[in-house]
Amino acid sequence: SAFQGVTDTLINLANLACSGSQQYLTSLEELKERHFEAVRELIPVKNQSHILTNILFNIKELSDILHGVSLIKELTGKTLDHILSFGERLSAFIISEALKERGVDAGFLDSRELLICDDSFGSGRINFEISDKNIELYFKSHSKLQVITGFIASTKRGETITLGRGGSDYTASIFGAALQVEEIEIWTDVDG
């Protein structure tokens, strides 16, 4: 999942940009700093460089998309899904790097590479035949722990799509079912 509150922040950024408000730039900077701070807390200084560079690359891409939204003052479901994907992409990458730093043989996996949906932006429906096959093939040649983005997938045309709210738990279930695991654990940051 994205860090707590980041998906809502991204929705707000998109709406601010669509309204023509330049306030989105300040909020985007705050979002970048939040992710930088996570890296500073989890990774020793000597190993931060490539991680911070990756975050900057993603923030630049997000900034370019938001700038386009602000220019045309239009926010489609397709564009919003792409904007929302950055929360999961940033957090999963940071967590995978933090695990590596602690000696865990971990890799980052962008679920858009394996999960294929229809084009119902905002609530993509998984094509299980294709996605399950992709997952099985991937894990036959990747034995190390994978930190996988939840909530996001791709259309057959390679467009980013979200699975709707709760999509990260759903993603875990999709991977678990395809890999025929015995158990799926869902951890959350709210009181039960």
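Residues numbered from 1 in each chain as written. Predicted model: local features only at pLDDT ≥ 70, side-chain atom pairs only at ≥ 80, totals over all residues. Heavy atoms only, no water.

**Q** When you look at the packing of helix 1 (residues 6–19) against helix 3 (residues 49–72) in this model, what are you seeing that I'm missing?
**A** Describing two packed helices takes the angle between their axes plus the distance from one axis to the other. Where helix 1 contacts helix 3, the axes come no closer than 7 Å and their chain directions differ by 40°. In terms of axis orientation, helix 1 runs oblique to helix 3. Crossing hand, helix 1 versus helix 3: right-handed. On helix 3, the residues that touch Leu10, Leu13, Ala14, Ala17 and Cys18 of helix 1 are Leu62, Leu66, Val69 and Ser70. (Axes fitted to C-alpha atoms, helices over the stretch in contact; angles between N-to-C directions. Helix = DSSP H or I, 4+ residues; strand = E, 2+ residues; numbered from the N terminus. Parallel < 35°, antiparallel > 145°, perpendicular 65-115°, else oblique. Left-handed = near helix turned anticlockwise from the far one by under 90°. Contact = heavy atoms within 4.5 Å.)

**Q** What's the story with helix 1 in this structure? I'm lost.
**A** Residues spaced three or four apart along an α-helix point in a common direction, a consequence of the helix completing one turn every 3.6 residues. Compared with the 20 Å implied by 1.5 Å per residue over 14 residues, the 20 Å span of helix 1 between its first and last C-alpha is a close match. Among the residues of helix 1, those classed as buried are Val6, Thr7, Leu10, Leu13, Ala14, Leu16 and Ala17. Structurally, helix 1 contributes buried residues whose contacts are with helix 2 (23–42), helix 3 and helix 4 (77–101). (Expected span 1.5 Å × (residues − 1). Buried < 20%, exposed > 50% of the residue type's maximum accessible area, 1.4 Å probe, protein only.)

**Q** Just to check I follow, could you spell out the nonpolar core for this structure?
**A** Within the largest apolar cluster, 32 residues are counted, with the highest numbers of intra-cluster contacts made by Leu10, Leu31, Ile55, Leu62, Leu66 and Ile83. Of all the secondary-structure elements, those providing two or more residues to this core are helix 1, helix 2, helix 3 and helix 4. Other than its neighbours up to four places away in sequence, Leu66 contacts Leu13, Ala14, Ala17, Tyr24, Leu28 and Ile83. Judged by nonpolar contacts, the second largest core, of 13 residues, contains Leu115, Cys117, Leu163 and Ile174. (Core = buried A, V, L, I, M, F, W, Y, C linked by side-chain atoms within 4.5 Å.)

By themselves, these are just geometric observations and shouldn't be taken as functional.
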